[in-house]
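For reference, the chains in residue letters:
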Amino acid sequence: MVRLIMGEKGTGKTKKLIELINASAAEENGNVVCIEAKSTMTFDIHYHVRLISADEYQITTYEGLRGFVSGLYAGNYDISHIFIDNLFKITGGECNQAADDFLNELDRFSNATGVKFTISVSGDPALATDGMQKYL
């Protein structure tokens, strides 16, 4: 399962994501991971959530992020949910085919492993590609 939260800057995407992260930490039996561009949510999320700053690992592309996610799972099969805050800020991406391909890869990964993904993206939802629309 891949879920995309999309909206303009200042529309409450991160606040909603924090609520979902904390609810997952309380309700899910597996481990919850949150990947963010820089360490900004340290004091907002439950201490059981593994918070990762993409900046610390020099993750700057979709391919790098995909590999990082695969490596996380290879090291811990108990991961049940991965949250990614501000995907385009991490990867430098935008609403295009590369974003579609990345989301489709995550969907395939989710179907194979059972890991759920929730991703926030800054931008006008009207600009989302058809491929992105199916995850909104």
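Residues numbered from 1 in each chain as written. Predicted model: local features only at pLDDT ≥ 70, side-chain atom pairs only at ≥ 80, totals over all residues. Heavy atoms only, no water.

**Structural notes on the overall build of the protein chain**
Applicable threshold: Numbering of helices and strands starts at the N terminus; helices are DSSP runs of H or I of at least 4 residues and strands are runs of E of at least 2. Burial here depends on accessible area, computed with a 1.4 Å probe over protein chains only, as a share of the maximum for the residue type. Under 20% is buried, over 50% is exposed, and the range in between is partly exposed. Any two residues having at least one pair of non-hydrogen atoms within 4.5 Å are treated as being in contact. All tallies of charge rest on Lys and Arg as positive and Asp and Glu as negative; His and the ends of each chain are not included. Charged groups are reduced to one reference atom each: NZ for lysine, CZ for arginine, CG for aspartic acid, CD for glutamic acid.
When helices and strands are tallied, the protein chain shows 5 helices and 5 strands. Ordered by position from the N terminus, the helices and strands of the protein chain form the series β-α-β-β-α-β-α-α-β-α. With the principal axes as the frame, the protein chain shows a C-alpha extent of 35 × 30 × 30 Å. Counting over 136 residues, the protein chain shows a buried share of 48%. Residue pairs in contact within the protein chain that sit at least 24 positions apart in sequence constitute 70% of those at least 6 positions apart. Counting 12 positive and 18 negative side-chain charges, the protein chain places the averaged centre of each group 3 Å from the other.

**Regarding the pattern of salt bridges**
Here is the rule: Definition used for salt bridges: Asp or Glu carboxyl oxygen within 4 Å of a side-chain nitrogen of Lys or Arg.
Evaluation of the coordinates by the stated rule reveals 3 salt bridges. We note a salt bridge from E28 to K116, for which the minimum N-O separation is 3.1 Å. Residue E28 is located in the loop between α1 (13-27) and β2 (31-36), and its partner K116 is located in strand β5 (residues 116-122); the two are separated by 88 residues in the primary sequence. Given a relative accessible area of 17%, E28 falls into the buried group.

**Quick look at the nonpolar core**
Let me state the cut-off plainly: As used in this record, nonpolar core signifies buried Ala, Val, Leu, Ile, Met, Phe, Trp, Tyr and Cys residues forming a set joined through side-chain atoms within 4.5 Å.
If you look at the biggest cluster of nonpolar residues, it comprises 33 residues, and the most contacted ones within it are I35, I82, I84, L87, F117, I119 and M132. At the level of secondary structure, the elements contributing two or more residues to this core comprise β1 (2-7), β2, α2 (62-75), β4 (79-84), α3 (87-91), α4 (97-113) and β5. Here this core takes 6 residues from α2, the largest share from any one element. The residues contacting F117, other than those within four sequence positions of it, are M1, V2, R3, V69, H81, I82, L106, F109 and S110. Residues L17, I21, A25 and V32 belong to the second largest nonpolar core, which totals 12 residues.

**Examining unusual backbone geometry**
In this model, Q58 sits at a positive phi of 50 degrees, which is unusual for a non-glycine residue. The phi torsion at N86 lies on the positive side, around 60 degrees, for a residue other than glycine. Within the secondary structure, N86 sits in the loop between β4 and α3.

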